[in-house]
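# Close look at the chain arrangement
The lines below spell out each chain.
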Amino acid sequence: MLRWLAKRIIAAALVVFVVTSLVFVVTHVFTDPATVSLPLEASQEDRASRRAALGLDRPLSVQYWDFLSGLVVGDLGESFFQTQPASKLVFERLPATLRLVAGATAVTVLMGAPMGMLAAWWERRFADHAVLGFSMASISAPPFWIGYLLIIVIAAQLRWVPTFGSSGFKSLILPSFAIGLASAGRLAQMTRRGIVEELRKPYAVTAMSRGFSRSYTIVHHTFRNVASGFVTMTGWEVTRMFTGYTVVIEVVFSWPGVGRLAVDAIFDRDLILVQAAVVVLATMVVLTNLLVDIARRLIDPRVDLA
Amino acid sequence: MTAVENPMDPADGAGTGDAAPPESVTVMAELRSHLWKSKAGISGIVICSLFVLAAVAGPWLPLIKDPTKQSLPDRLTPPVGWGGTWAHPLGTDQLGRDILARLIDGARISLLVSVTAVIIAAVLGTVLGLIAGYMGGKIDTLIVSAADVQMAFPGVLAGLILVAAFGPSVWLVIIVIAISSWMVFTRVGRGLVFTLKTSLYVEASELAGASSRRIMWRHLLPNLVSSLITLCVLELAAAILSESAFAFLGFGVQPPRSSWGLMIQQGRNYVTGDGWWIVTFAGMAIAIVVLGVNLLSLWLQSFNDVAEREQIVLERPGG
Amino acid sequence: MSATGGDGRTERLLEVKDLTVGFPTRDGTVLGVDGLTLNVGSHERLGVVGESGSGKSVMGLAILGMVLPPGRIMGGSVRWKGENVLDEAVANRVRGREIAMIFQDPMVSLNPLKTVGAQLRELLQRRVGLQGRAIKQRSLELLDMVGIANPGDRLKSYAFELSGGMRQRVMIATALACDPTLLIADEPTTGLDVTIQDQILTLLHNLSTELGVSVLMITHDLGVVAQFCDRVQVMYAGRIVERAPIAQMFADPQHPYSGGLLRSVPRVDRAATELAGIPGEPLDRAQFPPGCAFEPRCGEAHDTCRGAPPPLVKIAERRWVACYNRPGEAGETST
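Along each chain, residues carry numbers from 1 onward, in the same order as the chain's sequence is written. For this description, chains carry letters from A and ligands carry numbers from 1, given in the order in which they are written. With pLDDT at 70 or above as the cut-off, local features in this predicted model cover only qualifying residues; side-chain atom pairs require 80 or more to be listed or tallied, and sums for whole chains, interfaces and linings still use all residues.

### Some details on the overall build of chain C
Helix and strand definitions follow DSSP, with helices as H or I runs of at least four residues and strands as E runs of at least two, each counted in order from the N terminus. When you go through chain C residue by residue, the secondary structure sums to 11 helices and 12 strands. Exposure in this text rests on C-beta crowding, where 20 or more other C-beta atoms within 10 Å of a residue's own make it buried, 12 or fewer make it exposed, and counts in between make it partly exposed. The C-beta atoms are placed from the backbone. Each of the 335 residues in chain C was classed as buried or not, and the buried ones make up 45%. Long-range contacts, defined as pairs at least 24 residues apart, comprise 62% of the intrachain contacts of chain C with a sequence gap of at least 6. Placing a C-beta atom from the backbone of each residue, one calls two residues in contact when those atoms lie within 7 Å.

Written as structure tokens, this is what we have:
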């Protein structure tokens with residue numbers, strides 16, 4: 001187990017290395033932070049002097065080495081626009097994003113799993129069709145639109161919770177649902193499908209032919225196999241949250257997280273800050289995948305050792 | 001249905017290919033007869049057709065106003081039923097432009113971006129998958145690793161960094177959507193080649209001395225087609241959603257051109273006051289079209305499932 | 001309905017009447033089992049034989065009131081000692097305890113993530129109500145009964161650690177765990193080596209005699225039927241086409257399909273040149289003709305055969321056949 005874990009951690013670190021290197025290529029080879037920060041009509045002299053000021057006139061290999069060694073100690077460069085360390089700005093915002101992801105994951109799991117079980121339990125009955133209908137609707141609606149609908153109906157009309165910002169638990173509810181509904185829809189269908197498939201397998205049929213009830217068979221015979229897929233799928237939804245949903249939803253709800261920081265930085269032409277935010281979010285994705293692998297390994301020891 | 005993008009299931013697509021070359025005529029006939037019995041399939045086709053019609057023929061449709069014509073006295077006119085008139089059935093936006101006209105106009109950019117992106121992703125991904133599956137060895141390892149890295153660095157993140165570096169543009173959005181979905185096609189293509197590689201007729205033509213490139217084109221590709229079409233539809237839904245998200249963030253189409261995501265961005269300051277309809281109808285347009293595409297894909301999948309199920313029920317050895 | 005179950009010594013246990021199971025497909029509903037009627041008496045070994053696609057597997061589960069979705073039981077009745085098994089409450093009592101099933105492929109029919117001991121324990125605890133040491137004791141006894149050496153060690157094994165024959169013995173042990181009165185064996189020897197097949201059949205035969213358990217043997221293999229059963233029913237396309245005691249069936253098959261089946265079995269007392277298949281392919285289940293399902297493959301078919309399916313009629317004592325060319329005794333029909 002320890003050997004396996006060490007291997008997985010090294011592999012994860014490798015992915016972070018490759019992703020950040022790709023980011024570096026985009027931000028330093030194809031263009032550079034100085035050019036981005038200046039208006040298009042800026043003169044050659046302006047560009048050159050700003051490049052020199054940011055140390056971008058040095059050879060690329062030196063810059064790359066600087067970038068990598070900075071990465072190791074958590075130095076992600078200096079935000080040009082805000083003249084502060086980019087890592088400081090990003091890590092200030094990270095807890096808000098993590099709270100949002102936690103809230104959305106709670107909505108996903110607490111809605112998705114029971115709906116999936118319900119649908120499998122009453123396969124091809126009304127509950128099954130109702131859950132399918134919910135899933136189709138939730139995955140088809142853009143999350144930011146769901147966000148605005150929730151604002152229009154629940155915050156503006158009914159005034160149950162605050163509309164924007166992040167003040168306390170109540171303000172977490174709407175953005176969590178805006179993100180979590182689609183994920184819950186997908187998770188419900190996956191759970192349903194997993195259970196239904198397992199129930200058709202001969203060993204489950206045998207168990208039921210021996211007089212064990214459908215519910216007993218679901219819980220005592222099919223649960224382990226479905227659980228592994230459930231964890232994988234939940235992990236996948238969490239990575240989607242880090243890489244997409246939170247960015248959009250933070251903009252909708254003026255949520256002070258990393259995603260909105262990145263979007264604001266783009267409009268401030270602050271390439272270093274965008275780069276820092278993206279590197280941190282990508283690292284979150286890799287960490288999530290690592291945690292999912294470990295969880296799956298604990299559930300099912302047959303997970304391959306590669 | 002399940003996931004719009006399902007990265008963990010390469011076997012999914014691999015299972016749907018038949019070992020024998022498809023007889024396209026019968027398959028089409030069966031698809032059609034299955035369609036008429038499926039409410040999901042019919043609704044999906046109808047919605048998608050309306051979407052394409054709006055995108056292609058939008059400006060020539062009768063009774064549709066000029067989507068760019070501003071009229072400040074008419075600004076924020078509510079839709080019919082909320083105090084509005086049939087002059088603007090869905091109301092007007094903050095500049096007095098007709099929302100219905102702008103919705104129809106926005107369909108074009110959604111269709112253009114999403115379809116182009118999916119085509120690029122499908123072609124690129126499938127070719128890489130075929131190469132990886134057929135060549136094996138180091139090339140295979142390289143392509144699979146690239147797909148794995150891509151999984152850890154998907155969609156909006158790649159979009160953020162590229163938009164930050166190169167500035168917003170429609171083409172960038174197309175490229176970003178394409179690079180965040182190619183690996184799905186690669187996995188399916190590769191998995192399918194692996195199963196087919198061992199099947200008899202490929203072995204036979206290898207014995208007969210056919211070149212490997214010819215084997216790929218003549219024998220393997222037709223088998224890929226049915227799974228790939230299903231996958232394209234699935235990815236199209238994801239692409240339309242991505243396009244709307246990028247437009248919403250302001251990374252895609254720039255004003256005065258219009259897109260559904262951009263309409264929501266521009267209408268968002270009015271959601272809590274007088275103008276909830278801008279965001280509501282624009283989002284509804286996205287949701288309905290994506291629902292149509294998802295229904296279509298649900299139907300395509302259920303068609304495969306039914307075929308499979310009948311085989312299980314009726315061809316189980318010994319009864 | 002006349003007595004068909006036994007010869008007077010036996011008490012009637014299982015009565016299946018007009019059982020019909022349908023599967024919706026894109027071409028309409030296909031009947032997996034079409035009006036199945038059969039009776040099993042105590043101490044009886046009944047064989048049901050038919051080729052692939054004749055609905056045999058569907059039948060075994062349907063008798064327990066179980067059908068894999070999207071299929072469903074569309075009509076008919078299943079009575080166990082007079083009680084309606086299609087009633088869920090009765091089924092829950094009967095399944096496993098009174099009627100236990102043995103499946104074709106024990107590799108996948110045993111739970112891959114549970115040891116042999118855990119699977120027996122689960123049954124003995126929840127379905128029989130044994131406690132503590134009695135469970136272990138009974139588990140060892142069961143494994144010993146099905147001829148497994150070193151039962152103590154085997155309790156800790158997983159299905160994948162056992163050989164094919166061993167797995168089927170474990171499967172039989174789990175079926176016997178609750179002292180059932182009837183075993184439904186669904187192709188129990190298919191996929192096993194010939195010598196192992198023989199051992200398993202002998203084991204089942206001995207067990208049924210010693211424990212007084214009736215067996216409903218579902219198989220495609222006439223050899224198995226000849227070796228094992230007292231009585232046989234031949235199934236074609238979800239329907240029973242002939243029913244007879246074993247000796248009479250082999251000596252004098254009445255339905256053209258039964259005749260064909262017999263001729264396709266190699267026998268030592270006949271030259272290989274006489275071995276003949278049944279002309280034509282087993283039917284695509286979605287395209288049944290309106291009349292006798294065997295008509296397209298039958299050498300003796302005439303116009304009547306294309307009208308409606310022939311009823312199962314009694315042609316002699318304990319002999320029934322569904323064929324227009326074998327008129328029965330008046331008034332004695334049973335579909």
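Having put the structure on the table, let's press on.
### Quick look at the environment of Val231(A)
All names here are of chain A. As for its position among the elements, valine 231 is in helix H10 (residues 214-252). Spatially, the C-alpha atom of valine 231 lies 20 Å from that of alanine 282, the residues being 51 residues apart in sequence. With residues up to four places along the chain from it excluded, the contact list for valine 231 reads Val292, Ala295, Arg296 and Ile299.

### Observations concerning the sheet that holds strand S12 (residues 319-321) of chain C
Residues and elements named next belong to chain C. Pairing between strands is defined by DSSP: at least two bridges between the two strands are required. Overall, mixed pairing links the 8 strands, which are arranged S6-S7-S8-S3-S9-S10-S12-S11 in an open sheet. Each edge of the sheet is formed by a strand with only one pairing partner; in this case those strands are strand S6 (99-102) and strand S11 (313-316). If you compare each strand with its neighbour and ignore which way they point, the axes differ by 20 degrees on average. Judged from the 5 bridges that link them, strand S3 (residues 45-49) and strand S8 (residues 214-219) form a sheet pairing that is parallel. Considered in S8, the bridge of valine 48 is made with isoleucine 218. Under this scheme, a helix contributes an axis fitted over its contacting stretch, all axes are lines through C-alpha atoms, and angles between N-to-C directions fall in the 0 to 180 degree range. In the packing of helix H7 (residues 164-176) onto the sheet, the strands contacted are S6 and strand S7 (182-186), and the crossing angle to S6 comes to about 170 degrees. The strands touched by helix H11 (residues 256-263) within the sheet are strand S9 (231-236) and strand S10 (239-245), with S9 carrying the most contacts at an inclination of about 105 degrees.

### Focus on the nonpolar core
Formed by 254 residues in total, the largest nonpolar core has its most connected members in Ala262(A), Val274(A), Ala277(A) and Val278(A). Broken down by element, this core gets its largest block of residues, 17 residues, from helix H12 (residues 276-314) of chain B. In contact with Val278(A), not counting residues within four places along its chain, are Val23(A), Ala262(A), Leu157(B), Leu160(B) and Ile161(B). Connectivity within a nonpolar core runs through C-beta atoms within 7 Å, and the core itself is a set of buried Ala, Val, Leu, Ile, Met, Phe, Trp, Tyr and Cys residues.

### As for the environment of Glu141(C)
Residue and element names in this part refer to chain C. With respect to the element layout, glutamate 141 can be found in helix H5 (residues 133-145). On the basis of neighbour counts, which here come to 12 C-beta atoms within 10 Å, the residue glutamate 141 falls in the exposed class. Taking C-alpha positions, glutamate 141 is 19 Å from glutamate 98, a pair spaced 43 residues apart along the chain.

### Structural notes on helix H1 (residues 2-30) of chain A
The span expected for a helix works out to 1.5 Å for each residue beyond the first. In this model H1(A) runs 41 Å from its N-terminal to its C-terminal C-alpha over 29 residues, within 8% of the 42 Å that 1.5 Å per residue would give. Listing the buried residues of H1(A) in full gives Val15(A), Val19(A), Thr20(A), Val23(A) and Thr27(A). Turning to H1(A), the residues buried within the fold contact helix H2 (33-37), helix H4 (60-72) and helix H12 (271-299) of chain A together with helix H5 (137-152) and helix H6 (155-166) of chain B.

### Some points on the packing of helix H4 (residues 116-128) of chain C against H5(C)
A pair of packed helices is characterised by two quantities: the angle between their axes and the separation of those axes. Residues and elements named next belong to chain C. At a minimum axis distance of 10 Å, the contact between H4 and H5 shows a crossing angle of 115 degrees. The two elements H4 and H5 cross, and the hand of that crossing is right-handed. For the pair formed by H4 and H5, the contact residues are Gly117, Leu120, Arg121, Leu124 and Gln125 on the first element and Ile135, Arg138, Ser139 and Leu142 on the second. Each residue belonging to the contact of H4 with H5 can be placed in one class, and the counts come to 4 nonpolar, 3 polar and 2 charged. Note: crossing handedness is left-handed where the near helix turns anticlockwise from the far helix by less than a right angle, and right-handed where it turns clockwise. Each residue receives one of three labels: charged for Asp, Glu, Lys and Arg, nonpolar for Ala, Val, Leu, Ile, Met, Phe, Trp, Tyr, Cys and Pro, and polar for the others, Gly being one of them.

### Concerning the confidence of the model for chain C
Residues and elements named next belong to chain C. On average, residues of chain C carry a pLDDT of 81, and 85% of them reach 70 or more. Residue range residues 1-8 is modelled with pLDDT below 50. Its contacts to residues more than four positions away, or to other chains, number 13 contacts. Note that pLDDT drops below 50 for residues 270-275; the model gives that stretch 2 contacts with residues more than four away or on any other chain. For this predicted complex, the interface confidence reaches an ipTM of 0.89, while the overall pTM sits at 0.76. As a per-residue measure, pLDDT reflects the predictor's confidence and takes values from 0 up to 100.

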